[in-house]
Amino acid sequence: FKNKIKPDDPILNLQVCNLKFNNPIGLAAGFDKNGEAYDGLMRLGFGFVEIGTVTLKPQYGNKKPRIFRLLEDKAIINRLGFNNIGAEKILQKIEKYDTINKPALLGVNLGKNLDSKEPIEDYVKLLKIFYKKANYITLNISSPNTPGLRELEQKDNLDKLVKNISFFKRKNSINIPIFLKIDPDLSKQQLGDIADIVLSSTIDGVIISNTSIYRSNELISKYASEEGGISGAPIKKISNLLLKDFYILTNGKIPLIGVGGISNGKEAYERILSGASLIQLYTSLIYSGPSIVNNIKEELIYLLKKD
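Keep in mind the model is a prediction, meaning the values are calculated, not measured. (Residues numbered from 1 in each chain as written. Predicted model: local features only at pLDDT ≥ 70, side-chain atom pairs only at ≥ 80, totals over all residues. Heavy atoms only, no water.)

## Observations regarding the environment of K74
Along the chain, K74 turns up in the loop between β5 (67-70) and β6 (75-78). Looking at K74, the relative accessible area reads 48%, which means it is partly exposed. Expressed as a C-alpha distance, the spacing of K74 and S291, which sit 217 residues apart in the sequence, is 17 Å. Setting aside its immediate chain neighbours within four residues, K74 contacts S231, G232, A233, P234, T283 and Y287. (Helix = DSSP H or I, 4+ residues; strand = E, 2+ residues; numbered from the N terminus. Buried < 20%, exposed > 50% of the residue type's maximum accessible area, 1.4 Å probe, protein only. Contact = heavy atoms within 4.5 Å.)

## Points about the nonpolar core
Among the nonpolar cores identified, the biggest contains 69 residues, and F130, I137, L139 and F246 are the most heavily contacted of them. In terms of residues, this core owes the most to one element, helix α3 (residues 119-130), which gives 7 residues. Once residues within four sequence positions are removed from consideration, F130 is found in contact with V54, A87, I90, L91, I94, V108, L110 and I137. Core analysis: the second largest hydrophobic core is formed by 12 residues, V16, L19, V259 and L278 among them. (Core = buried A, V, L, I, M, F, W, Y, C linked by side-chain atoms within 4.5 Å.)

## Considerations on the packing of aromatic side chains
On inspection of all chains with the given rule, the structure shows 6 aromatic pairs. Judged by centre distance (5.5 Å) and plane angle (75 degrees), the rings of F31 and Y282 are edge-to-face. Placement of the pair is F31 in the loop between β3 (25-27) and α1 (38-42) and Y282 in the loop between β13 (276-281) and α8 (283-288), with a sequence separation of 251 residues. The class for Y282 is partly exposed, based on a relative accessible area of 23%. (Phe/Tyr/Trp six-rings, centres within 6.5 Å; stacked < 30°, edge-to-face > 60°.)

## A look at the packing of α3 against helix α4 (residues 155-171)
Packed helices, taken two at a time, are described by the angle their axes make and the gap between the axes. Between α3 and α4, the least distance of the axes is 10 Å, while the angle of their chain directions is 30 degrees. The orientation of α3 with respect to α4, classified from their angle, is roughly parallel. Two packed elements cross with a definite hand, and for α3 against α4 that hand is right-handed. Contacts from I120, Y123, V124, L127 and K128 in α3 reach N157, K160, L161, N164, I165, F168 and K169 in α4. In the contact of α3 with α4, the residues fall into 7 nonpolar, 2 polar and 3 charged. (Axes fitted to C-alpha atoms, helices over the stretch in contact; angles between N-to-C directions. Parallel < 35°, antiparallel > 145°, perpendicular 65-115°, else oblique. Left-handed = near helix turned anticlockwise from the far one by under 90°. Nonpolar A, V, L, I, M, F, W, Y, C, P; charged D, E, K, R; others polar.)

## Details of the layout of surface pockets
In this model, the largest pocket occupies a volume close to 720 Å³. In terms of lining, the largest pocket is formed by 44 residues, of which the most central are N78, T211, S231, Y282 and T283. Within the residue set of the lining of the largest pocket, elements represented by two or more residues are β4 (48-54), β5, β6, β11 (229-232), β13 and α8. Among the elements that take part in the lining of the largest pocket, α8 stands out by supplying 5 residues, more than any other. In terms of residue class, the lining of the largest pocket is made up of 16 nonpolar, 22 polar and 6 charged. (1 Å grid on protein atoms, 1.4 Å probe; cavity = no way out; pocket = protein on both sides within 12 Å on 5 of 7 lines; lining within 4 Å. Points joined across faces, edges and corners; volume = space filled by probe spheres on them.)

## Regarding the pattern of salt bridges
Applying the stated rule across the entire model yields 13 salt bridges. Among the salt bridges present, the one from K57 reaches D115, with a minimum N-O distance of 3.4 Å. Here D115 lies in the loop between β7 (105-110) and α3 and K57 lies in the loop between β4 and β5, a separation of 58 residues in the sequence. In this structure D115 comes out as partly exposed when scored by relative accessible area, which is 45%. The residue D193 makes a salt bridge to K155 at a minimum N-O spacing of 4.0 Å. With a gap of 38 residues between them, D193 in helix α5 (residues 188-199) and K155 in helix α4 connect regions that are remote in the sequence. Here the residues in one salt-bridge network are R150, D183 and D185, joined through shared partners. (Salt bridge = Lys/Arg side-chain N within 4 Å of Asp/Glu carboxyl O.)

## Here we look at unusual backbone geometry
Cis rather than trans, the peptide bond between K64 and P65 has omega equal to -5 degrees. Structurally, the position occupied by P65 is in the loop between β4 and β5. Omega for the peptide link from I208 to S209 comes to 15 degrees, which places this bond in the cis form. Secondary-structure assignment places S209 in the loop between β10 (205-208) and β11. Backbone geometry places K74, a non-glycine residue, at a positive phi of 50 degrees. Located in the positive-phi region is S173, a residue other than glycine, with phi close to 45 degrees.

In structure tokens, the structure reads:
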């Protein structure tokens, strides 16, 4: 179905990391894990769509049930565990589409296999596979559902990961933007360490934030105590706070992507005012349906013009 997408109001156009975005609203990773639907998703009006998380080898992920709707809390808990068909097959899917004239930009979110002995190697190999096909790449080191993954956020590990990625880019004269996706459960100290490493590296942007393992005692759904990462309304506050802190820690020098509990234009605008250049959503798309994208854009246009 080749419906004509009506062009975005120019007030929404922006440039981040030398990429031209028609609008700042993106779809977060985890929705289209295998790159099967992004062409259609882009047609909903997103400025960019991030597929994945992709791992080198295919993997099943954790056993089912592994996704829970917390209806009353406008949240989702997932413990999917990077289920995907593997890098090679996903690459084939991307190659099927015309990547030049897409209606939006394409990001590919990379992760390590559960049984990987050399996680840092995984990321370098995945970058090598996807850099020609994506507009940007995200290093996902923050999902709570792959044991040991968040250890990559620790100072020494992150330093090593970033250096290896930078070396690969330099050696092969690659200039694709690389984003880092961090988790909302970091301490002030950890956040400071990450900010230092990002500032002194070639990392181009930071996505704040992934799902949280923290549970507020205000949750009322019967699934509130399920294991996994929570997304949606309950992480709105913590993820916005983290964004503000990180913006201050990096003196606004690094483009930030705000994600976590955004469900309307006002909340999107709040992230932008807190220092985000772009925003992403996922859970609110599930609860509000496809029209949410254009609704957010309309509200955002109104707020921008008003100010």
